[in-house]
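Residue-level listing of the chains:
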Amino acid sequence: MPVRKEVLEGFSKLSSEEKREVISALFDDKGVKKEFYSYLYNDEELRSDFLGFSENTISSYHLPYNVLPNLLLDAELLHVPMVTEESSVVAAAAAAAKFWFSNGGIKTVSLTNIKVGQVHFISDLEQSRLSELIADNYATLKHSVAAYTSRMESRGGGIVSMQLLPTVNEQYQLMVEFKTANSMGANFINTCLEELSLSLKAIIESAGFTCDVLMSILSNYTPNCCVKVAATAPIAAFDGLVRGMDANVFADRFKRAVDIASSDIYRATTHNKGIMNGVDSVVIATGNDFRATEAAAHAYASRSGKYASLSTCNLSEGYFNFELELPLALGVVGGLTSLHPLAKRSLELLGNPNAERLMSIAAAVGIASNFAAIKSLITDGIQQGHMKMHLNNILKSYGATFEEVEKARLWFANRKVSNVDVKKFLDGQRE
């Protein structure tokens, strides 16, 4: 039944309990208030923390907390937390991790950790003179944010560089590069930028020119906060991986599939989504911002002017080399990484990595997910394994009893799974 539509005056000023009462009253189902409440922590302190994370909060939305076991990354054994509702993502990544565990594991190839912020402004001072003015006052600009950068500098971060760049319609930007140590650094960067904008405005106006600051904001496009990981093995390692398929045939088909994703936007979009299935699950599990991660990854996939695969595959001299490169601005301190109890446990499970190590871990799960997806596509097809993992969910959607579930698992053990086939099976059981 649809809920009633009413204008909610002063909703944000209500307590969480009052908000829950108001929203519950919109439903015909009288048990909905209890349901909303049931997803909150029983512990009063934890419940208060969760209600304070966001705005207008009336409940919590639970997602499965899963573990990818035995991921070998740079010769280190890891058990990686993954938060996702997609069971096939976890199962597929685990199968890929198992294969690569026996074949050298995944390795970090390269990593950079510089982030960008911008002060956009309008000025009547021409570009070359502006550049000179900024260069001459570089120390003054840095000093203006010293109160905010001193602690970050003590941890190895701070401002790396500043440069003037033109934008559009006689507008300019002061592009500032930052290192943010173990934090993602969004609030730090934005605070610095807003202070820099005041100093920049004062410098330009003291020289007798105008400066109208439009906005000061970090960029989620982080091409210099980037990690590359690789999975490399002799092609012969694929012997026996797929029943009835020669190792050379498998490697060739795999490379062809990746090449398609490098040239066709329709394939590339789904291909990269498969990578982000793995990456996002780690990002969420550790309390990081998966929306920023997604935005950066897809922008990076378009950096050549054409949207393409984030991964590449090369076959040379009997070796298979599979690489993934993507931007990942992650943190291990600040924000939910420090506040969410399971985010803290996730980091502990990973051995309390620094931010750069977490970048490698998330990318490693991404390449494992990508490997598993391509393997399925070029062999049995994506649906066979995907739908088998979803059998329980399909059975639940049809209200299957415990007995029906057990019978269905046996019946579909070696059969194709689809919504139509499951319904047909249940109808036959219920006649």
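Numbering of residues starts from 1 in each chain and follows the order in which that chain's sequence is written. With pLDDT at 70 or above as the cut-off, local features in this predicted model cover only qualifying residues; side-chain atom pairs require 80 or more to be listed or tallied, and sums for whole chains, interfaces and linings still use all residues. Working from all heavy atoms in the structure, the side-chain values ignore hydrogens and water.

**Observations regarding the overall build of the protein**
Part 1: A count of helical and extended segments in the protein gives 18 helices and 10 strands.
Part 2: Taken along its principal axes, the extent of the C-alpha atoms in the protein is 85 × 70 × 40 Å.
Part 3: We call a residue buried when its accessible area falls under 20% of the maximum for its residue type, exposed when it is over 50%, and partly exposed in between, using a 1.4 Å probe and counting protein chains only. Counting over 431 residues, the protein shows a buried share of 43%.
Part 4: Put simply, of all contacts in the protein between residues at least 6 apart along the chain, 69% involve residues at least 24 apart.
Part 5: For the protein, the exposed surface amounts to about 22300 Å²; the carbon and sulfur share of it is 53%.
Part 6: By the counting rule applied here, Lys and Arg register as positive and Asp and Glu as negative, while His and the ends of each chain are not counted. Lys charges are placed at NZ, Arg charges at CZ, Asp charges at CG and Glu charges at CD. Treating the 41 positive side-chain charges of the protein as one cloud and the 48 negative ones as another, the clouds have centres 7 Å apart. Strands here are runs of E lasting at least two residues and helices are runs of H or I lasting at least four, both read from the DSSP assignment and numbered beginning at the N terminus. Two residues qualify as a contact provided that any one of their heavy atoms is within 4.5 Å of a heavy atom in the partner residue. Each accessible area value is a Shrake-Rupley result obtained with a 1.4 Å probe; residue values ignore everything except the protein chains displayed when judging cover.

**Let's talk about the sheet that holds strand 7 (residues 211-218)**
Hydrogen bonds between backbone atoms are what pair the strands of a sheet, whose relative direction is either parallel or antiparallel.
Part 1: Strands qualify as paired when DSSP identifies two bridges or more between them. Reading across from one edge, 5-6-4-7 is the order of the four strands in this open sheet, with antiparallel pairing throughout. The open sheet is flanked by strand 5 (158-166) and strand 7, the only strands paired with a single partner. Each strand of the sheet is rotated relative to its neighbour by a mean of 20°, with strand direction disregarded.
Part 2: Pairing analysis gives eight bridges linking strand 5 to strand 6 (residues 171-179), with the strands arranged antiparallel. Helix axes are fitted only over the stretch in contact, all axes being lines through C-alpha atoms; the angle between N-to-C directions runs from 0 to 180 degrees.

**Quick notes on the packing of helix 4 (residues 87-101) against helix 14 (residues 355-377)**
Part 1: It is the contact of helix 4 with helix 14, at a shortest axis distance of 8 Å, that shows an interaxial angle of 100°. By the criterion of interaxial angle, the relationship of helix 4 to helix 14 is roughly perpendicular. Counted together, Ala92, Ala93, Ala96, Phe99 and Trp100 of helix 4 and Ala368, Ser369, Phe371 and Ala372 of helix 14 form the full contact between these two elements.
Part 2: Gly counts as polar in this scheme, as do all residues outside two lists: the nonpolar Ala, Val, Leu, Ile, Met, Phe, Trp, Tyr, Cys and Pro, and the charged Asp, Glu, Lys and Arg. By residue class, the composition of the contact of helix 4 with helix 14 is eight nonpolar, one polar and no charged. Working definition: roughly parallel below 35 degrees, roughly antiparallel above 145 degrees, roughly perpendicular at 65 to 115 degrees, and oblique for all remaining angles.

**Quick word on the pairing of strand 2 (residues 76-83)**
Part 1: Judged from the seven bridges that link them, strand 1 (residues 65-73) and strand 2 form a sheet pairing that is antiparallel. Across the sheet, residue Asn66 finds its bridge partner in strand 2, namely Met82.
Part 2: Counted between consecutive antiparallel strands, the loop separating strand 1 from strand 2 contains two residues, among which Asp74 sits at a positive phi close to 50°.

**So, the state of the cysteines**
Part 1: Criterion for a disulfide: a pair of cysteine sulfur atoms at a distance within 2.5 Å. Evaluation of the coordinates by the stated rule reveals zero disulfides.
Part 2: In this model Cys211 remains outside any disulfide bridge; the closest cysteine sulfur is found in Cys192, 18 Å from its own.
Part 3: Cys225 provides the cysteine sulfur closest to Cys226, a residue in no disulfide bond, and the two sulfurs are 8.0 Å apart.

**Concerning the packing of helix 10 (residues 265-285) against helix 11 (residues 290-300)**
Part 1: Running from N to C, helix 10 and helix 11 cross one another at 150°; their axes reach a closest spacing of 10 Å. On the basis of their axis angle, the class for helix 10 and helix 11 is roughly antiparallel. The way helix 10 lies across helix 11 gives a crossing that is right-handed. Contacts from Asn272, Met276, Val279, Asp280, Val283 and Ile284 in helix 10 reach Phe290, Thr293, Glu294, Ala297 and His298 in helix 11.
Part 2: Grouping the amino acids of the contact of helix 10 with helix 11 by side-chain chemistry returns six nonpolar, three polar and two charged. Crossing handedness is defined as follows: a turn of the near helix away from the far one that is anticlockwise and smaller than a right angle gives a left-handed crossing, while the clockwise case is right-handed.

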